[in-house]
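# Reading the structure
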Amino acid sequence: MKPTLACTALLLACLSGPALTETATASGESCNLTGHPSEGDSACKATRLAYRQAVSDCMAQLEADSKARRTTTVSMSSHSYRARYLLCDDEVRATVGK
């Protein structure tokens, strides 16, 4: 086998493994924020409930701000709901993780 082919094969073999992923954890623990609130210990349950409440409050605030700026009645679509959720999720994860 030629050296370049051997090096390429070795490099591809190293890169073909499972990708490292970032898990959604709170405070560096193994508490997953998106799980069911009844799973885990009491600290994890409290963190999940606080996370859900903070996301709900944030989404309600964004919707109220949006309604205050509008002059016409517009129904909320799934796209706008998802966008608001993603904004609030990022904001709350940054504050819950600290």
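Figured I'd write up the structure that's included with this text. A quick note: this is a predicted structure, and the numbers were derived from the prediction, not measured.

All right, on to the state of the cysteines then. Evaluated as defined, the whole model comprises 1 disulfide. Paired through a disulfide, Cys58 and Cys88 show a sulfur-sulfur distance of 2.2 Å. Given an S-S torsion of about -80 degrees, the disulfide between Cys58 and Cys88 has left-handed geometry. Residue Cys58 is located in helix H2 (residues 42–69), and its partner Cys88 is located in helix H3 (residues 78–96); the two are separated by 30 residues in the primary sequence. Looking at Cys88, the relative accessible area reads 0%, which means it is buried.

Applying the stated criterion across every chain yields a total of 2 salt bridges. For the salt bridge of Glu63 with Lys67, the shortest nitrogen-to-oxygen distance reads 3.6 Å. Linking Glu63 with Lys67, this pair stays in helix H2, spanning 4 residues, or about one helical turn. The exposure class of Glu63 is partly exposed, given its relative accessible area of 27%. Here Asp89 ties to Arg93 by a salt bridge, and the two come within 3.0 Å at their closest N and O atoms.

Look at H2 against H3: their axes get within 9 Å of each other, and the N-to-C directions meet at 135 degrees. The angle between the axes of H2 and H3 places the two elements in the oblique class. Between H2 and H3 lies a crossing whose hand is right-handed. Contact with H2, carried on its side by Thr47, Tyr51, Ala54, Val55, Cys58, Met59, Leu62, Glu63 and Ser66, involves Tyr81, Arg84, Tyr85, Leu87, Cys88, Asp89, Glu91, Val92, Arg93 and Val96 of H3 and no other residues of that element. When grouped by side-chain class, the residues that make up the contact of H2 with H3 number 12 nonpolar, 2 polar and 5 charged.

What counts as what
- Residues numbered from 1 in each chain as written.
- Predicted model: local features only at pLDDT ≥ 70, side-chain atom pairs only at ≥ 80, totals over all residues.
- Heavy atoms only, no water.
- Disulfide = S-S within 2.5 Å.
- Helix = DSSP H or I, 4+ residues; strand = E, 2+ residues; numbered from the N terminus.
- Buried < 20%, exposed > 50% of the residue type's maximum accessible area, 1.4 Å probe, protein only.
- Salt bridge = Lys/Arg side-chain N within 4 Å of Asp/Glu carboxyl O.
- Axes fitted to C-alpha atoms, helices over the stretch in contact; angles between N-to-C directions.
- Parallel < 35°, antiparallel > 145°, perpendicular 65-115°, else oblique.
- Left-handed = near helix turned anticlockwise from the far one by under 90°.
- Contact = heavy atoms within 4.5 Å.
- Nonpolar A, V, L, I, M, F, W, Y, C, P; charged D, E, K, R; others polar.

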